[in-house]
Amino acid sequence: MAGDDLVETKKGSSKNSKDSNESKLKQKSPAEFFAENKNIAGFDNPGKSLYTTVRELVENALDSAESISELPEVEVTIEEIVKSKFNSMIGLIDRERVDTQLYDDYETEKARGKRLAKEARASEIQAKNLASGKKNKEPGVSKVLKARGEASYYKVTCKDNGKGMPHDDIPNMFGRVLSGTKYGLKQTRGKFGLGAKMALIWSKMSTGLPIEISSSMKSQNYVTFCRLDIDIHRNIPHIHLHEKKGNKEKWHGAEIQVVIEGNWTTYRSKILHYMRQMAVITPYAQFLFRFISETPEKNVTIKFTRRTDVMPPIPIETKHHPSSVDLLLIKRLITDTSKKTLLQFLQNEFVNINKTLAARLIGEMGPDFGPSMAVKSVTSQQMVRIHQLFRQAKFDDPSGDCLSPAGEYNLRLGIIKELHPDMVATYSGSAQVFEGHPFIVEAGVSLGGRDVKQGINIFRFANRIPLLFEQGADVVTRTALKRINWNSYKINQTQDKIGVFVSIVSTKIPFKGTGKEYIGDDISEIATAVKSAIQQCCIQLKSKIVKRLQAREQQERKRSLSRYIPDATGAVYEVLKQMTEEHKTKRKRYGEEDIVMLDKVDYEMALEYATQSGVSEEPRENIYLQHLDPNKSNFIDLHSPTFVFRLML
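Looking at an unreviewed UniProt entry, one finds the protein named DNA topoisomerase 6 subunit B, with Arabidopsis thaliana as its source organism. Per UniProt, the protein carries the Function (unreviewed entry) text "Component of the DNA topoisomerase VI involved in chromatin organization and progression of endoreduplication cycles. Relaxes both positive and negative superturns and exhibits a strong decatenase activity. The B subunit binds ATP."

Below, the structure written as structure tokens:
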């Protein structure tokens with residue numbers, strides 16, 4: 001028995017040892033990773049998830065229209081769905097509460113009494129303030145109005161006039177994470193390459209409802225309709241319906257509809273600010289935004305009209321700069337290249353490496369390398385040598401031809417259209433480089449305007465999309481608040497309504513933070529370019545402000561002088577009146593004999609006397625002469641050493 005027990009124990013220990021040796025490694029699909037870390041993609045909470053969904057759909061719509069050089073027309077609708085309607089959509093029957101104490105919003109009689117007493121006191125205070133003319137504070141939302149676990153649902157629809165999507169590609173474009181058409185080295189609006197996929201994942205997590213897509217490309221006689229959701233664990237689309245419909249209206253574009261949990265109340269201002277700032281940076285686009293509520297008073301409809309037909313150029317995909325690559329990228333480029341030799345690889349897979357420079361680089365790598373060396377035969381150690389040489393060698397900076405900035409014209413139009421400022425200045429800098437990536441900084445500074453607060457108002461854009469979160473740590477905010485001496489440009493930093501607009505475009509935006517909501521202040525090239533662009537705008541504004549101040553001072557002088565005109569004219573009139581009376585008195589002293597005597601004056605003797613006395617000698621007293629002919633005395637000449645004043649009678 002003891003022996004059997006020993007054998008049984010050994011068998012058990014052997015079994016446990018075998019189990020412990022089995023691999024415990026688990027794998028996650030990309031969709032599962034983003035579902036568990038949704039805050040990375042901007043889906044931190046229901047409110048921000050609603051905002052991010054709108055943002056992703058709008059940016060996809062703009063990219064789609066711009067890719068075919070079509071002036072964008074984007075319609076965004078957010079429809080509020082009450083709980084009963086949502087339950088009917090998913091086939092769930094409403095059920096009355098049985099155990100009321102089980103719910104989070106349950107109130108005891110004592111708590112209810114306290115709440116009602118507090119609300120009564122608040123009503124009394126509001127009534128007193130109303131009677132005395134004081135302003136009432138906004139009342140806080142009571143806990144019983146909405147339970148902690150009670151969700152709000154919204155149907156988000158975005159329609160555009162863009163390129164549309166191929167019929168067969170739609171399931172993978174929406175139902176497979178990290179698959180798309182925007183991957184490559186070029187300026188793009190997206191941050192993670194997720195687009196509407198993350199909205200579908202959030203819809204799957206919060207409502208369980210699928211996404212609906214309608215799409216048609218130019219010259220297609222049908223519209224593709226697809227209803228699908230995503231298998232998060234396998235990262236593949238789950239297609240409910242995929243069919244073709246007629247397209248009699250010859251419509252092209254896409255319409256995407258998704259039902260998600262959200263919070264319109266807390267993120268209403270953010271969504272509207274996003275739409276307004278998008279209208280600023282893309283004045284060539286037309287936006288129609290609608291919010292539809294069960295309560296008609298809460299409905300919102302805003303149309304951002306197109307201001308210009310001038311569109312910026314389409315961003316061009318470019319090749320990597322040698323100074324911006326790492327070992328992993330070099331290995332991938334060697335694997336994917338169609339070139340045979342190392343010389344052809346260096347010459348065709350990188351920018352700013354011509355045939356002569358490629359040969360010089362190969363000669364510097366060492367005896368193990370040669371121009372005709374097969375690029376596929378490069379070893380891992382040789383890749384390290386190539387990488388080291390790329391980091392040490394000197395290359396020309398990449399040009400900014402591949403970038404697509406908004407342009408001074410569009411930026412100025414957007415600012416004027418949305419803010420209506422009193423004064424605006426814009427500046428577009430030349431292409432510069434950081435870590436082998438070209439970038440362009442554009443800036444605008446406005447004074448005054450509609451719905452602009454006193455002080456400095458920051459508007460940030462990266463690759464022509466607004467950045468609304470984590471503003472304090474951004475390079476634009478820190479530069480505008482700490483590195484610009486506004487007083488030297490005749491601008492009052494605290495009292496004036498200052499709008500600072502900065503747009504940065506690049507093949508690689510150096511975002512910081514998990515949500516990629518701001519650009520760090522640690523890249524000196526970008527910080528210097530931002531400061532220079534803002535200063536150039538301020539210089540333009542200073543000249544305008546100085547001219548305006550000079551015109552205002554001149555107007556003030558005119559206004560001051562005009563106040564003294566009545567007194568001055570009255571004084572002149574009194575002087576002239578007194579002089580006239582004196583003249584009449586002197587005139588009476590001359591009789592007819594005096595007139596005869598004056599007629600007999602020897603003018604030659606008088607001239608000789610004047611010559612001897614000297615003509616430079618000034619008279620010792622004023623002389624008043626009246627014309628002798630009484631018939632011609634309809635005026636009086638008043639002579640002085642410096643002027644003659646004729647008074648008409």
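A.B. asks: Residues and numbers for the overall build of the protein, please.
C.D. replies: Summing up its helical and strand segments, the protein has 17 helices and 18 strands in all. Across the 649 residues in the protein, those meeting the buried criterion constitute 41%. A total accessible area of about 38,400 Å² is found for the protein, and carbon and sulfur atoms account for 51% of it.

A.B. asks: Now, about the nonpolar core: what can you tell me, with residues and values included?
C.D. replies: In this structure, Ile78, Phe174, Trp264, Phe287 and Phe289 are the most contacted members of the largest nonpolar core, which totals 66 residues. Split by domain, this core shows at least three residues from each of two domains, domain 1 (30-88 + 151-304) and domain 3 (408-547). In contact with Phe174, not counting residues within four places along its chain, are Met165, Ala196, Lys197, Leu200, Ile211, Ile213, Leu228 and Ile256. Counting residues in each nonpolar core, the second largest holds 37 residues, with Leu447, Leu467, Val475 and Val530 among its members.

A.B. asks: Which residues make up the environment of Arg234, and what are the values?
C.D. replies: Note on placement: Arg234 falls in the loop between β4 (222-231) and β5 (236-246). On the basis of relative accessibility, which here comes to 58%, the residue Arg234 falls in the exposed class. Taking the C-alpha atoms as reference points, Arg234 and Glu32, 202 residues apart in sequence, are found 8.2 Å from one another.

A.B. asks: Describe the packing of helix α11 (residues 355-365) against helix α12 (residues 380-392), and please don't skip the residues or the numbers.
C.D. replies: Between α11 and α12, the least distance of the axes is 10 Å, while the angle of their chain directions is 120°. On the basis of the axis angle, α11 is oblique to α12. In the crossing of α11 with α12, the sense of the turn from one axis to the other is right-handed. Of the residues in α12, those touching α11 at Leu361, Glu364 and Met365 are Arg385, Ile386, Leu389 and Phe390. Looking at the contact of α11 with α12 residue by residue, the class counts come to five nonpolar, no polar and two charged.

A.B. asks: Residues and numbers for the packing of helix α8 (residues 264-281) against helix α13 (residues 408-419), please.
C.D. replies: The N-to-C vectors of α8 and α13 enclose an angle of 140°; their axes lie 7 Å apart at closest approach. By the angle class used here, α8 and α13 are oblique. Contact residues: α8 offers Arg276, Ala279, Val280 and Ile281, while α13 offers Asn410, Leu411, Gly414, Ile415, Lys417, Glu418 and Leu419.

A.B. asks: Could you give an account of unusual backbone geometry, naming the residues involved and the relevant values?
C.D. replies: With phi around 65°, Asn352 is a residue other than glycine that occupies positive phi space. In this structure, Asn352 sits in the loop between α10 (342-349) and α11. Phi is positive for Asp451, which is not a glycine, with a value near 55°. Structurally, Asp451 can be placed in the loop between β11 (437-447) and β12 (455-462).

A.B. asks: I'd like a rundown of the confidence of the model for the protein, residues and numbers included.
C.D. replies: Chain-level pLDDT for the protein is 83 on average; 82% of the residues reach the 70-or-more range. Segment residues 6-11 is flagged for pLDDT under 50; beyond a separation of four residues in sequence, or across chains, it makes zero contacts in the model. In the model, residues 140-148 has pLDDT below 50 throughout and makes nine contacts with residues more than four positions away in sequence or in other chains.

A.B. asks: Help me get a handle on the pairing of strand β6 (residues 253-262), residues and values and all.
C.D. replies: In terms of burial, β6 is a largely internal element, eight of the 10 residues being buried. The pairing of strand β3 (residues 211-216) with β6 spans five bridges and is antiparallel. Paired with Ser215 across the strands is Ala254, a residue of β6.

A.B. asks: Residue-level account of the pattern of salt bridges, with values.
C.D. replies: In the structure shown here, the tally under the stated rule is 23 salt bridges. Between Glu79 and Lys85 there is a salt bridge, with the nearest N and O atoms lying 3.0 Å from each other.

A.B. asks: Go over the packing of aromatic side chains with me, naming the residues and quoting the values.
C.D. replies: Under the counting rule described, the total for this entry stands at 14 aromatic pairs. Both rings, one in Phe33 and one in Phe34, keep their centres 5.4 Å apart while their planes meet at 80°; by these two values the pair is edge-to-face. A residue is classified by how much of its surface remains accessible, and Phe34, at 9% relative accessible area, is buried. With 3.8 Å between their ring centres and 10° between their planes, Phe86 and Tyr153 make a pair best called stacked. Linking Phe86 in helix α4 (residues 83-89) with Tyr153 in strand β2 (residues 152-159), this pair joins segments that are 67 residues apart in sequence. Judged on exposure class, the residue Phe86 and its partner Tyr153 are both buried. Above the plane of the ring of Phe469 lies Lys48, whose end atom (NZ or CZ) is 4.4 Å from the centre. For Lys244, the ring lying beneath its charged end belongs to Tyr222, and the centroid distance is 4.5 Å.

A.B. asks: Please set out the environment of Ala359 residue by residue, giving values where relevant.
C.D. replies: Mapped onto the elements of the fold, Ala359 is located in helix α11. You can call Ala359 partly exposed: its relative accessible area is 39%. Between the C-alpha atoms of Ala359 and Leu342, which are 17 residues apart in sequence, the distance is 9.4 Å.

A.B. asks: Tell me about a nonpolar patch on the surface, and name the residues and values.
C.D. replies: Taken together, the side chains of Met89, Ile90 and Leu92 make up a nonpolar region of the molecular surface, amounting to roughly 250 Å² of accessible area. The residue Leu92 is located in the loop between α4 and α5 (109-132) in this model.

A.B. asks: Describe α12, listing the residues and the values that go with them.
C.D. replies: Between the first and last C-alpha of α12 there are 19 Å, a value that for 13 residues agrees with the 18 Å anticipated at 1.5 Å per step. Of all the residues in α12, the buried ones are Gln382, Met383, Ile386, His387, Leu389 and Phe390. On an axial view of α12, the arc spanned by its buried residues comes to 165°, and they lie on one face. Every exposed residue of α12 that faces more than 90 degrees away from the buried side is listed here: Ser380, Gln381, Arg391 and Gln392. At its buried positions, α12 is contacted by α9 (327-336), α10 and α11.

A.B. asks: Tell me about α8, and name the residues and values.
C.D. replies: The end-to-end C-alpha distance of α8, which contains 18 residues, comes to 24 Å, matching closely the 26 Å that a straight helix rising 1.5 Å per residue would cover. Buried within α8 we find Trp264, Tyr267, Ile271, Leu272, Tyr274, Met275, Arg276, Gln277, Met278, Ala279, Val280 and Ile281.

A.B. asks: Any chance you could break down the state of the cysteines for me, citing the residues and the numbers?
C.D. replies: Here, the word disulfide means a covalent bond between the sulfur atoms of two cysteines. Evaluated as defined, the whole model comprises zero disulfides. This cysteine, Cys538, is not joined by any disulfide, and Cys537 carries the nearest cysteine sulfur, 6.8 Å off.

Rules and cut-offs
- Residues numbered from 1 in each chain as written.
- Predicted model: local features only at pLDDT ≥ 70, side-chain atom pairs only at ≥ 80, totals over all residues.
- Heavy atoms only, no water.
- UniProt positions renumbered as here; feature names shortened; annotations may be inferred.
- Helix = DSSP H or I, 4+ residues; strand = E, 2+ residues; numbered from the N terminus.
- Buried < 20%, exposed > 50% of the residue type's maximum accessible area, 1.4 Å probe, protein only.
- Areas by Shrake-Rupley, 256 points an atom, 1.4 Å probe, with all protein chains shown as cover.
- Core = buried A, V, L, I, M, F, W, Y, C linked by side-chain atoms within 4.5 Å.
- Domains from an automatic or database assignment.
- Contact = heavy atoms within 4.5 Å.
- Axes fitted to C-alpha atoms, helices over the stretch in contact; angles between N-to-C directions.
- Parallel < 35°, antiparallel > 145°, perpendicular 65-115°, else oblique.
- Left-handed = near helix turned anticlockwise from the far one by under 90°.
- Nonpolar A, V, L, I, M, F, W, Y, C, P; charged D, E, K, R; others polar.
- pLDDT = per-residue confidence, 0-100.
- Pairing = 2+ DSSP bridges.
- Salt bridge = Lys/Arg side-chain N within 4 Å of Asp/Glu carboxyl O.
- Phe/Tyr/Trp six-rings, centres within 6.5 Å; stacked < 30°, edge-to-face > 60°.
- Lys NZ or Arg CZ within 6 Å of the ring centre and 35° of its normal.
- Patch = residues over 30% accessible without salt bridge, like charges linked within 9 Å, V, L, I, M, F, W, Y side chains within 5 Å.
- Expected span 1.5 Å × (residues − 1).
- Arc of directions from axis to C-beta.
- Disulfide = S-S within 2.5 Å.

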